[in-house]
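The residues making up each chain are set out below.
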2 protein chains.
Amino acid sequence: MVQTVDKLEQEYLELLKEQTSYNEALGLMFWDLRTKAPKKAVEYRSEVIGMLSQKSHKLSTSDKMKHFIDELKERSEDPIVRKSIEKSEEHYDRAVKIPDEEYKEYVMLQSKAESVWEEAKEDGDFEAFQPYLEKLVDFNKKFAGYWGYEKHIYDALLDNYEPGVTVDVLDEVFPKVRDSLSGLLEKIQQSPTKPDPSVLQGHFPKADQRAFSLEILERMGYDFQSGRLDETVHPFAIGLNVNDVRVTTKYDEKDFRTAVFGTIHEGGHALYEQNIDSKLAFTPLATGTSMGIHESQSLFWENFVARSEAFWENHYDLFKNHAPKSFENLPLDTFYKAINEVKPSYIRIEADELTYPLHIMVRYELEKALIGGEIQVKDLPELWNDKMEEYVGIRPRNNAEGVLQDVHWSGGSFGYFPSYALGYMYAAQMYGSMLQDVDVDKVIRAGDFTVIKEWLTKNVHQYGSMKKPLDIMHDVTGEKLNPDHLVNYLTNKYSKIYQF
Amino acid sequence: MVQTVDKLEQEYLELLKEQTSYNEALGLMFWDLRTKAPKKAVEYRSEVIGMLSQKSHKLSTSDKMKHFIDELKERSEDPIVRKSIEKSEEHYDRAVKIPDEEYKEYVMLQSKAESVWEEAKEDGDFEAFQPYLEKLVDFNKKFAGYWGYEKHIYDALLDNYEPGVTVDVLDEVFPKVRDSLSGLLEKIQQSPTKPDPSVLQGHFPKADQRAFSLEILERMGYDFQSGRLDETVHPFAIGLNVNDVRVTTKYDEKDFRTAVFGTIHEGGHALYEQNIDSKLAFTPLATGTSMGIHESQSLFWENFVARSEAFWENHYDLFKNHAPKSFENLPLDTFYKAINEVKPSYIRIEADELTYPLHIMVRYELEKALIGGEIQVKDLPELWNDKMEEYVGIRPRNNAEGVLQDVHWSGGSFGYFPSYALGYMYAAQMYGSMLQDVDVDKVIRAGDFTVIKEWLTKNVHQYGSMKKPLDIMHDVTGEKLNPDHLVNYLTNKYSKIYQF
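Per chain, residue numbering runs from 1 following the sequence as it is written. As they are written, the chains are lettered A onward and the ligands numbered 1 onward, keeping that order. With pLDDT at 70 or above as the cut-off, local features in this predicted model cover only qualifying residues; side-chain atom pairs require 80 or more to be listed or tallied, and sums for whole chains, interfaces and linings still use all residues. Calculation of side-chain values draws on the structure's entire complement of heavy atoms; hydrogens and water are dropped beforehand.

**Q** Can you break down the overall build of chain A residue by residue, with the values?
**A** Going along the chain from the N terminus, every DSSP run of H or I of four or more residues is numbered as a helix, and every run of E of two or more is numbered as a strand. The number of helices and strands found in chain A is 20 helices and three strands. For chain A, the C-alpha atoms occupy an extent of roughly 80 × 50 × 50 Å along the three principal directions. Looking at chain A as a whole, 58% of its 500 residues are labelled buried. Contacts in chain A between residues far apart in sequence, at least 24 positions, make up 73% of those at least 6 positions apart. Summing over all exposed atoms, chain A offers an accessible surface of approximately 21,200 Å²; the carbon and sulfur share of this is 47%. A distance of 2 Å separates the average location of the 59 positive side-chain charges in chain A from that of its 85 negative side-chain charges. Buried, partly exposed and exposed residues are distinguished by accessible area as a fraction of the type maximum, computed with a 1.4 Å probe on protein chains only: under 20%, between the cut-offs, and over 50%, respectively. We call two residues in contact when some of their heavy atoms are within 4.5 Å. Each accessible area value is a Shrake-Rupley result obtained with a 1.4 Å probe; residue values ignore everything except the protein chains displayed when judging cover. Positive residues here are Lys and Arg, negative ones are Asp and Glu, while His and the chain termini are left out of the count. Working definition for charges: the position is that of NZ of Lys, CZ of Arg, CG of Asp or CD of Glu.

**Q** Can you explain the interface of chain B and chain A? Please cite residues and give values.
**A** Between chain B and chain A, the contact holds 40 residues from the first and 40 residues from the second. Counted as salt bridges are all cases of a side-chain nitrogen of Lys or Arg within 4 Å of a carboxyl oxygen of Asp or Glu. Linking Glu47 of chain B and Lys17 of chain A is a salt bridge whose minimum nitrogen-to-oxygen distance equals 2.2 Å. Under this definition, polar contacts are N or O atom pairs within 3.5 Å; protein pairs additionally need one hydrogen-donor-capable and one acceptor-capable atom, and for neighbouring residues in sequence, both atoms have to be side-chain atoms. Applying the counting criterion to the chain B and chain A interface returns 19 residue pairs in polar contact (both at pLDDT 80 or more). Going through the elements one at a time, α1 (5-35), α2 (42-60), β2 (237-241) and β3 (244-249) of chain B are the ones with two or more residues in the side of chain B that touches chain A. The leading source of residues in the side of chain B that touches chain A is α1 of chain B, at 11 residues. A class-by-class count of the residues in the side of chain B that touches chain A yields 17 nonpolar, seven polar and 16 charged. For this classification, the nonpolar set comprises Ala, Val, Leu, Ile, Met, Phe, Trp, Tyr, Cys and Pro, the charged set comprises Asp, Glu, Lys and Arg, and every other residue, Gly included, is treated as polar.

**Q** Describe in detail helix α5 (residues 100-123) of chain A, supporting the description with residues and values.
**A** Residues and elements named next belong to chain A. Under the convention used throughout, the expected extent of a helix is 1.5 Å for every residue step, that is, one less than its residue count. Counted at 1.5 Å a residue, the expected span for α5 with its 24 residues is 34 Å, and the 35 Å between its end C-alpha atoms agrees. Of all the positions in α5, only Glu102, Tyr106, Leu109, Ala113, Val116, Trp117 and Ala120 are classed as buried. Tucked into the core, α5 has its buried residues touching α6 (126-147). The positive-phi residue at the C-terminal boundary of α5 is Gly124, with phi of around 60°.

**Q** Outline the relation of the copies chain B and chain A, supporting the account with residue identities and numerical values.
**A** A least-squares fit on C-alpha atoms brings the copies together, and the residues used are those whose pLDDT is at least 70 in both copies. With an RMSD of 0.0 Å, the fit of chain B onto chain A corresponds to turning through 180° and sliding 0.0 Å along the axis. Taken together, the turn and the small shift mark the pair as related by a two-fold rotation axis. Nearest to the rotation axis, the C-alpha of Ala25 of chain B is located 3.1 Å from it, this being the minimum over chain B. Comparing contact sets, 100% of the residues at the interface of chain B also lie at the interface in chain A, consistent with an isologous, same-surface contact.

**Q** Now, about the domain arrangement of chain A: what can you tell me, with residues and values included?
**A** Residue and element names in this part refer to chain A. For each domain, the first and last residues come from an automatic or database assignment. Taken domain by domain, chain A consists of domain 1 (5-97) and domain 2 (125-500). Between domain 1 and domain 2, the C-alpha centre-to-centre distance is 28 Å. Counting residues at the interface gives 22 residues for domain 1, matched by 25 residues for domain 2. The junction of domain 1 with domain 2 conceals about 2,200 Å² of combined surface from both sides, 63% of it contributed by carbon and sulfur atoms. Run the count over domain 1 and domain 2 and you get two salt bridges. Between Asp230 and Lys36 there is a salt bridge, with the nearest N and O atoms lying 2.8 Å from each other. Mapped by element, the contributors of at least two residues to the side of domain 1 that touches domain 2 are α1 (5-35) and α4 (79-97). When two parts are put together, the accessible area they lose, computed with a 1.4 Å probe and summed over both, is reported as buried area.

**Q** Describe the packing of aromatic side chains, and please don't skip the residues or the numbers.
**A** Note on aromatic contacts: the rings of Phe and Tyr and the six-membered ring of Trp form a pair at centre separations within 6.5 Å, being stacked when their planes are under 30 degrees apart, edge-to-face when over 60 apart, and tilted otherwise. All told, the structure shown has 89 aromatic pairs over all chains when counted by the stated rule. Measuring from ring centre to ring centre gives 5.8 Å for Trp301 of chain B and Phe449 of chain B, while their planes differ by 70°; the resulting arrangement is edge-to-face. One end of the pair, Trp301 of chain B, is in helix α11 (residues 291-305); the other, Phe449 of chain B, is in the loop between α17 (440-446) and α18 (450-459), and 148 residues separate them in sequence. Residues Trp301 of chain B and Phe449 of chain B agree in their burial class; the two are buried. One cation-aromatic arrangement involves Lys467 of chain A over Tyr463 of chain A; the distance from NZ or CZ to the ring centre is 3.9 Å. Counting as a charge over the ring demands two things of the Lys NZ or Arg CZ atom: a distance within 6 Å of the ring centre and an angle within 35 degrees of the ring normal. Between Lys135 of chain B and the ring centre of Tyr132 of chain B, over which it is positioned, the NZ or CZ distance is 5.7 Å.

**Q** Describe the pairing of β3 of chain B, and please don't skip the residues or the numbers.
**A** Residues and elements named next belong to chain B. With six of its six residues buried, β3 lies for the most part within the structure. Of the two faces of β3, both are covered, the one formed by Asp244, Arg246 and Thr248 as well as the one formed by Val245, Val247 and Thr249. When DSSP finds at least two bridges between two strands, those strands are taken to pair. Across three bridges, strand β1 (residues 229-231) lies against β3 in parallel orientation. Bridging from a neighbouring strand, Glu231 pairs with Thr249 of β3. By the bridge criterion, four bridges tie β2 to β3 in an arrangement that is antiparallel. Among the inter-strand pairings, Ala237 is bridged to a residue of β3, identified as Val247.

**Q** Describe the packing of α1 of chain A against α2 of chain B, and please don't skip the residues or the numbers.
**A** To define axes, lines are fitted to C-alpha atoms, for helices over the stretch in contact only, and angles between the resulting N-to-C directions are given on a 0 to 180 degree scale. Between α1 of chain A and α2 of chain B, the shortest axis-to-axis distance is 9 Å and the interhelical angle comes to 100°. Here α1 of chain A lies roughly perpendicular to α2 of chain B, going by the angle between them. On the side of α1 of chain A, the interface is formed by Glu14, Lys17, Glu18, Ser21, Tyr22, Glu24 and Ala25 of chain A, while α2 of chain B contributes Tyr44, Arg45, Glu47, Val48, Met51, Leu52 and Lys55 of chain B. Across the contact of α1 of chain A with α2 of chain B, the residue classes break down as six nonpolar, one polar and seven charged. Oblique is the label for any angle not covered by the other classes, which are roughly parallel (under 35 degrees), roughly antiparallel (over 145) and roughly perpendicular (65 to 115).

**Q** Give me the pattern of salt bridges: which residues, what numbers.
**A** This structure, assessed with the given rule, holds 78 salt bridges over all chains. A salt bridge links Arg45 of chain A to Asp32 of chain A, with the nearest nitrogen and oxygen atoms 3.4 Å apart. In this pair, Arg45 of chain A is assigned in helix α2 (residues 42-60) and Asp32 of chain A in helix α1, connecting sequence segments 13 residues apart. Two residues, Glu365 of chain B and Lys387 of chain B, come together in a salt bridge whose shortest N-O distance is 2.8 Å. One end of the pair, Glu365 of chain B, is in helix α14 (residues 356-371); the other, Lys387 of chain B, is in helix α15 (residues 380-391), with 22 residues separating them in the sequence. Lys387 of chain B carries the same exposure label as Glu365 of chain B, and that label is buried. Salt bridges linked by common partners bring Glu24, Asp244 and Arg246 of chain A together with Asp32 and Arg45 of chain B together as one network.

**Q** Please set out a negative patch on the surface residue by residue, giving values where relevant.
**A** Grouping into patches uses exposed residues only, defined as over 30% relative accessible area, and leaves out salt-bridged ones; the cut-off is 9 Å for like charges and 5 Å for nonpolar side chains (Val, Leu, Ile, Met, Phe, Trp, Tyr). Together, Glu114, Glu118, Glu119, Glu122, Asp123, Asp125 and Glu127 of chain A give the surface a local cluster of negative charge. When you line up the elements, Glu119 of chain A lands in helix α5.

**Q** Explain the sheet that holds strand β1 (residues 229-231) of chain A residue by residue, including any values.
**A** Sheet strands pair via backbone hydrogen bonds, and the direction of the pair is either parallel or antiparallel. All names here are of chain A. Pairing within the open sheet is mixed, and its three strands lie in the order β1-β3-β2. Looking at the sheet topology across the chains shown, the edges are occupied by β1 and β2 (237-241). Taking each pair of neighbouring strands and ignoring which way they run, the sheet shows an average axis angle of 30°.

**Q** Please set out the environment of Pro331 of chain A residue by residue, giving values where relevant.
**A** Tracing the backbone through its elements, the reader meets Pro331 of chain A in the loop between α12 (309-321) and α13 (332-339). Note: C-alpha distance between Pro331 of chain A and Tyr316 of chain A (15 residues apart in sequence) is 9.8 Å.

**Q** Lay out the sheet that holds β2 of chain B in plain terms, naming residues and giving numbers.
**A** Residues and elements named next belong to chain B. With respect to topology, three strands assemble into an open sheet ordered β1-β3-β2, the strand pairing being mixed. Lying at the two open borders of the sheet, with one neighbouring strand each, are β1 and β2. Neighbouring strand axes in the sheet, compared pairwise and without regard to direction, differ in orientation by 30° on average. Along the sheet face, helix α10 (residues 256-274) touches β1, β2 and β3 and points at about 165° away from the line of β3.

**Q** Please provide a residue-by-residue account of the side chain of Asp244 of chain B, values included.
**A** If you trace the backbone, Asp244 of chain B turns up in strand β3. Contacts of Asp244 of chain B, omitting those with residues within four sequence positions, involve Pro38, Ala41 and Arg45 of chain A together with Ser226, Ile238 and Gly239 of chain B.

Written as C-alpha cells, this is what we have:
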C-alpha cells in the first residue's frame, strides 16, 4: 500500500512530537535538578531520566523512523519536513552505525570516567585518569571511523557539534587568531598601563545583583512571560520550548562580574531560543543550529555589548544603585578598564575575553593530534603545559590547573572545544555586519537594545536549525569565515585600553 | 514458550517503571506549571502533557499489560507484584470497558464543561451549565453500568476514589455524623459565648508566614532534603517519588490562617508520601491508598494537631515572633477560641472544622440521588439550597455560592466528595487509637512531633497502597468505620470552647 506524502508527513510529525515531548520533559527535569529539586530527589529522578532518554533514543533509531526517512527524503516538498528528515537521518545514521554492545560499553565508560576525572582533578593526578582517557580516545577514533569522513578523522567528531566545519576550515583560521592574539597579549603585557581590578572589590548582596541582572535581561528583550531567572552552581540557559526558555546564574557576593556577565551570556543563548520561528515547534529544528552559533549569541551580548564602553556609559548609574558605596566616586573610565583587564590565567572559564581563545587553541590542537594519532594520551600533561606557556605565557604548576581542568574529555566530548572559539569569531563577524546596518554604540548607549535583538532574530534566531552554521554566516555577512573581524575588534579595543 | 515467573515479574516491573516514569515526569510538569513556569509556557507544555499522558494510558491498556495480568495474577508469590497486578488489573478493566469513541467524547466534554462552568459560576448562571452537567451525569451513569456494581450504581463511582467503600457503608455512618453535627451546631449558635475572630486581623508579611510555616513543617518531621515549600494559587502537595514530595501554599497577608493551616494540611499529605516504604518505588503502590486515607493524614495534622489548644500552648510564642505587634498582648485563650470559631458559611473550602462535614453531606446526598436517577439535574439548585438550609442553617443567595461553587462535577468527578468527610472520620478514629499508645497532648505541647509522625508511618504511611482504606482502618483501630470518634472529638472540643 502506497501512502500519500501528506499522510506520511503527518505521521512523521507526530513521531517528532513524541520525541520532542520526551526531550521537553527531560529538559524540565534537568533544569529542576539544577535549580529546585531537593537533594535526595536525584536518585530516583536519574532512573526516570534514563528511562525517558532511552525512549527518545529508541524512537530515533526505530524502523518507523527509517521508514519515514526513506519515504519522505525525496518526496516531501515541505521545507520544514525536508530539513527535519535531514536531521533525523543524520541522527539515525550516527546511531545505527555504532554496534549496540560498543555503545553500551561506551556509556558505562563515560559515566565511570567522569567520576574518576573528578577525583583525579582534585588530586591533580593525571595517571589515575589516563587509562580512562585512553579508552575514551580509542572509542572516539573507532566511532569516527564508523561515521566516516573525507579528509581528517577529527572531522567526523567536529560534525557532531559544528556541522560543516572541518579541520581544513579551522586550520585556515585558528592559527591566525592564535598568532595575532599572542602578539596582542605581548603588547598588552609590555604596556605601562595597568588596569586596577582591585577597585571592583566590595560586598554585592545577591538581591542587588539579581535586580540589576533582571533589569539588563529585560532591556535585552528577554521575554519574562516565556522565561525566568534562577540560581544554580554551573549556570546555563535551557529552551524547553520556544515559549519557555530559562536562564540560570550564580551569585558571588564578592565579585559582581560572575553574575552580571554570566546572566547576560546566558541571556544571549536564551534570546536565540526564544526567537525561533514557532512554525518549527515540535521538530528537531526548534533549537539553535550548532554549539558555535549558539555561543556567538551569548558572546555577542556578553562581550560586544556588555563589556563595551558604550554599555557602561548608559548603565553605570543603574549599576551604582545596586553596588557598594565605594563605587560612587569611582570614575567610569577606571571601572571600564578594570572590568576589561587582560591577564593570563590557568583556568579557561576564568579567562578574560582576549586570552580566552588561546585556551581553546591549546585544546583544539591537542585533541586533533590525539584523535589523529599523532600524540599519545600519556604525553598530554607535558604538551598542554608547553602550549600554555607558548600561547598564554604561563605554565601550569600542576595538572589540576592544567590538563585536568575541564570536564569535556571525561564525558568523551572531543570536537566540542573549537565551537567556543568559533562562536567568538562568528560573533565578531556578525558584529562587523551589524555595524553596516546599525550604529551599534549609539543603540547600546541609548539602553534600548531592541534593534540589536531584532537584527539577530532576523538574521540568526528565527531559523532555528533550518540553516547550517557556515550558511548562516555566509547569508549574514556575505563572506566565509574570516578571523580578521575578531582580531580587529580585539586590537581596536585593547590598543585603546592599554594605549599601544 | 512458557516464561518463568521470575522473568515475567522482572519484565512486568520494567513496564511499571516505564509507566511510573511518565507519571513522575507529568507530576513535575504539573508542579512546575503551578509554581514556576512562565506564563506562556502552558500552550506547548499542554501538548507535551497530552502526549505523555497518552503514552502512560496506552501502557495501562496494552496487550502486554494484559499478558502480565493473566500470567502473574495467580502465579506470582511476591506480595508487591501481586498487589501491583491487582492495581494494574483494576485500571485495565476500568479502561477497556469504556468504548474508545465514548471515552474520547467524554474527555472533550470534560474539558469543555470545565470552562463553561467557570463562566457560569462567575455569572451564577446554573442554566448555562445545566446541559453539560446533564451529559456528565449521563456518561457517569453509563460508565458505572460498564464497570458494574453489586447494590447501588453509585458504588461503581465511589470505588474510583475509595476502594471498598459503598453506599451501604456511607449510609450507616454519614447520617449519624450529619445529625450529630447539626445538633452541635445548634448548641453552638445558642451559646452566649462568641469567639471574636477580629482579634486575628493584622498585616502578616509573606516572609514571616513562610518562616513560621517552614519551622512547623520541620517540627512535623517533613524532610526538606526530600521536599520543598513553594507558593501557588490553589495549594497542593505532590509526591514525585518517595524522595521528592513537594508542598505548596498560598499567602494571604491579611489572614495568616490560609497559609499556616494550609501548609500544615498539605504537610500532612506530604508526610504520607515521604514515608512510604521505598521497596514500593516505581510501582503503582508507591502512593497513598485512597483519597480518604490521604485526607485523614492532612486533616490529622491540620485539625487534631494544629487547631488544638496544646499546639498553641507551645507555638504561640513562636507565632508571635512572626506576627504583628497587636498579638503581643492577646491572651492565648482568646487567640485559641478565635481560630476555632464555628460559623455557618456558604463556601465549603472556607468552612470551619465543625460545619465542614455538613457541606459534604449536602454533596453526597445529591450526587448519590443524581446518579441513582432519583433527582434531575435541573432541580439541583433548589435541592442544594434546601439541604444547606436544613443542615448548615443558611440558604445560599445565588448559585455561585450554592451549587456552582465547586469544580469537581464540571470535571465529571462524582464519588469524590465523600472522601473529604471519610478522611475526617478516619482521622478522628486514628486519633482515638493513637491516644491509647501516646499522650498526644503532651507530645504536641513539647513541640517535637516525632512520636506522632512515627505512629502514623508505622500504621499508615509505610504501606502506600498495599492495603485498602477499610483494612488500614481495621488494622489501626481494631474496629470498623465508627462515626462516634469524630462526633466525640468535636463535642468535647466545642463544648469547652462554647461552654455548653
